[in-house]
2 protein chains.
Amino acid sequence: MYERKILPYLNCGLDLVGEVLYGKWKLRILWFINEGNKRPSELQRQIPDVSRRVLNIQLKELEEHELVTRKIYPIMPPKVEYNLTDFGRTLIPVINTIGLWGDQHQERLKQVILKEFRDNPAIIDHPEVQTS
Amino acid sequence: MYERKILPYLNCGLDLVGEVLYGKWKLRILWFINEGNKRPSELQRQIPDVSRRVLNIQLKELEEHELVTRKIYPIMPPKVEYNLTDFGRTLIPVINTIGLWGDQHQERLKQVILKEFRDNPAIIDHPEVQTS
DNA sequence: GGCAATAGGGATAAATTTCTCCCTATTTGA
DNA sequence: TCAAATAGGGAGAAATTTATCCCTATTGCC
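What you see is a predicted model; the values in this text were computed from it and never measured.

Peer 1: So what exactly am I meant to see when it comes to the protein's contact with DNA strand C here?
Peer 2: In the vicinity of DNA strand C lie 23 residues, with Ser41 of chain A together with Lys5, Ile6, Lys24 and Met76 of chain B positioned nearest. Secondary structure elements with two or more residues in the surface near DNA strand C: helix H3 (40-46), helix H4 (52-64) and strand E2 (79-84) of chain A together with helix H4 (52-64) of chain B. Of all the elements, H4 of chain A adds the most residues to the surface near DNA strand C, at three residues. Tallied by class, the residues present in the surface near DNA strand C amount to eleven nonpolar, four polar and eight charged.

Next comes the structure, spelled out in structure tokens:
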């Protein structure tokens, strides 16, 4: 496992939030768990762009940061269930605010993000295209 | 300059937000510009942990994403002023929500973040310690 | 038997982000 | 004359994050 070499910056609230939410898929993982997708395989279906390996890693970090709990059922084939902690649940309105802003400004955001990629033939497109 | 090789994921509002706000200092840069710290040197004083180089790069990205404008005064020594666009201003309530959550859960966050670093002598501490 | 689904980890590579060091230029002030 | 402040960029290294590939194990189903 990767071990950090530099102590994080913890000077203000935004720093602290960054430490627990700065991960490409974390907001969506929390969001989908809150929507009832508790098992890793369910989460992977909701977020097909994340590899299973990284999903596991980010779930473990969320657990270490006490935002989710991990419950193992001793059955076969294995079953694992993630749930938001009380602490994690306090994040839902925050994530909602963020996602809402993204939805409201969807068109403009797409435009400014994609202009960087116009006429760039070196881009590797994703193997499977999502259409949700 | 670094050129991306992989097309970004733009499946939902959270993806879009990530594309423009995913940068270690971006939220704080926007926040401090909104508070009136418009010049790069002022921003650097507000956020001493960011190197001047990276501050420049993230400011340029924010400008490309139309969240800030850059105004150059043709005087010497040079003077440059960044301002939020109308679009950028719509982000302030979002950033406020995020920062507020961080402030409210400050103690708990510090505790869960730092437990990973206990008894790890390999950590390189920052040269100058901030105490804000 | 062979295959899919389940959960997860090791090793390693690739992509991306951030940092460090060192330049350009001009003006003011000691 | 020399230092500091101003804004900014190139080159390259380091840190960090994410991805790919390939294992373990068990059960049920064809």
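Text resumes after the structure shown.
Peer 1: How should I be thinking about the UniProt feature "domain: HTH hxlR-type" (unreviewed entry) in chain A in this particular structure?
Peer 2: According to UniProt, the feature "domain: HTH hxlR-type" (unreviewed entry) maps to residues 12-110 of chain A in the numbering used here. Taken end to end, residues 12-110 of chain A has its terminal C-alpha atoms 31 Å apart, with 61% of it in helix and 12% in strand.

Peer 1: Please explain the interface of chain A and chain B as it appears in this structure.
Peer 2: Interface size is commonly expressed as the accessible surface area that is lost when the partners come together. Between chain A and chain B, the contact holds 48 residues from the first and 48 residues from the second. Taken together, the elements giving at least two residues each to the side of chain A that touches chain B come down to helix H1 (13-21), helix H2 (26-34), helix H6 (92-104) and helix H7 (106-114) of chain A. Counting residues per element, the side of chain A that touches chain B draws most heavily on H6 of chain A, at eight residues. For the side of chain A that touches chain B, the residue count by class is 24 nonpolar, twelve polar and twelve charged.

Peer 1: So what exactly am I meant to see when it comes to the environment of tyrosine 9 of chain A here?
Peer 2: Tracing the chain through its elements places tyrosine 9 of chain A in the segment before H1. For tyrosine 9 of chain A, a count of 19 C-beta atoms within 10 Å gives the class partly exposed. Contact partners of tyrosine 9 of chain A, with chain neighbours within four places excluded, come to Asp15 of chain A together with Asp49 of chain B.

Peer 1: Would you take a moment to explain the nonpolar core for this structure?
Peer 2: Side chains that are nonpolar tend, in soluble globular proteins, to be buried together. Leu30 and Ile98 of chain A together with Leu30 and Ile98 of chain B are the most contacted members of the largest nonpolar core, which has 48 residues in total. Of all the secondary-structure elements, those providing two or more residues to this core are H1, H2, H4 and H6 of chain A together with helix H1 (13-21), helix H2 (26-34), H4 and helix H6 (92-104) of chain B. Setting aside residues up to four positions removed in sequence, leucine 30 of chain A forms contacts with Leu62, Leu67, Leu84, Gly88, Leu91 and Ile95 of chain A.

Peer 1: Is there a simple way to explain the relation of the copies chain A and chain B in this structure?
Peer 2: A rotation about an axis combined with a shift along that same axis relates the two copies of the chain. Between the two copies, chain A and chain B, the superposition gives an RMSD of 0.0 Å; the rotation angle is 180° and the shift along the axis is 0.0 Å. On the angle and the small slide along the axis, the relation comes out as a two-fold axis.

Peer 1: Whenever I open this one, the packing of H2 of chain B against H4 of chain B confuses me. Can you help?
Peer 2: Working note: a packed helix pair is described by the angle between its axes plus the distance between those axes. Residue and element names in this part refer to chain B. Running from N to C, H2 and H4 cross one another at 75°; their axes reach a closest spacing of 10 Å. Looking at the two axes, H2 sits roughly perpendicular to H4. From H2, Lys26, Ile29 and Leu30 reach across to H4, where they touch Gln58, Leu59 and Leu62. Class assignment of the residues belonging to the contact of H2 with H4 gives a composition of four nonpolar, one polar and one charged.

Peer 1: It is not clear to me how H1 of chain A should be interpreted in this structure. Could you clarify?
Peer 2: Residue pairs three or four apart in sequence face the same way in an α-helix, which turns once every 3.6 residues. In terms of residue burial, H1 of chain A counts as a mostly covered element, since eight of its nine residues are buried. Those residues of H1 of chain A lying buried are Leu14, Asp15, Leu16, Val17, Gly18, Glu19, Val20 and Leu21 of chain A. In the core, the buried residues of H1 of chain A are packed alongside H2 of chain A together with H2, H6 and helix H7 (106-114) of chain B.

Peer 1: Where do I start with the protein's contact with DNA strand D in this structure?
Peer 2: Around DNA strand D lies a shell of 24 residues, among which Lys5, Ile6, Lys24 and Met76 of chain A together with Ser41 of chain B are the nearest. Elements with a contribution of two residues or more to the surface near DNA strand D: H4 of chain A together with helix H3 (40-46), H4 and strand E2 (79-84) of chain B. Looking at the surface near DNA strand D element by element, the count peaks at three residues for H4 of chain B.

Peer 1: Explanation requested: unusual backbone geometry in the structure shown.
Peer 2: The phi angle of most residues is negative, glycine excepted, and most peptide bonds adopt the trans form. Between methionine 76 of chain A and the following residue, proline 77 of chain A, the backbone shows a cis peptide bond with an omega angle of 0°. Tracing the chain through its elements places proline 77 of chain A in the loop between strand E1 (68-73) and E2.

Basis of the calculations
Residues numbered from 1 in each chain as written. Chains lettered and ligands numbered in written order. Predicted model: local features only at pLDDT ≥ 70, side-chain atom pairs only at ≥ 80, totals over all residues. Near = placed C-beta within 6 Å. Helix = DSSP H or I, 4+ residues; strand = E, 2+ residues; numbered from the N terminus. Nonpolar A, V, L, I, M, F, W, Y, C, P; charged D, E, K, R; others polar. UniProt positions renumbered as here; feature names shortened; annotations may be inferred. Contact = placed C-beta atoms within 7 Å. Buried ≥ 20, exposed ≤ 12 C-beta atoms within 10 Å, placed from the backbone. Core = buried A, V, L, I, M, F, W, Y, C linked by C-beta atoms within 7 Å. Least-squares fit on C-alpha atoms with pLDDT ≥ 70 in both. Axes fitted to C-alpha atoms, helices over the stretch in contact; angles between N-to-C directions. Parallel < 35°, antiparallel > 145°, perpendicular 65-115°, else oblique.

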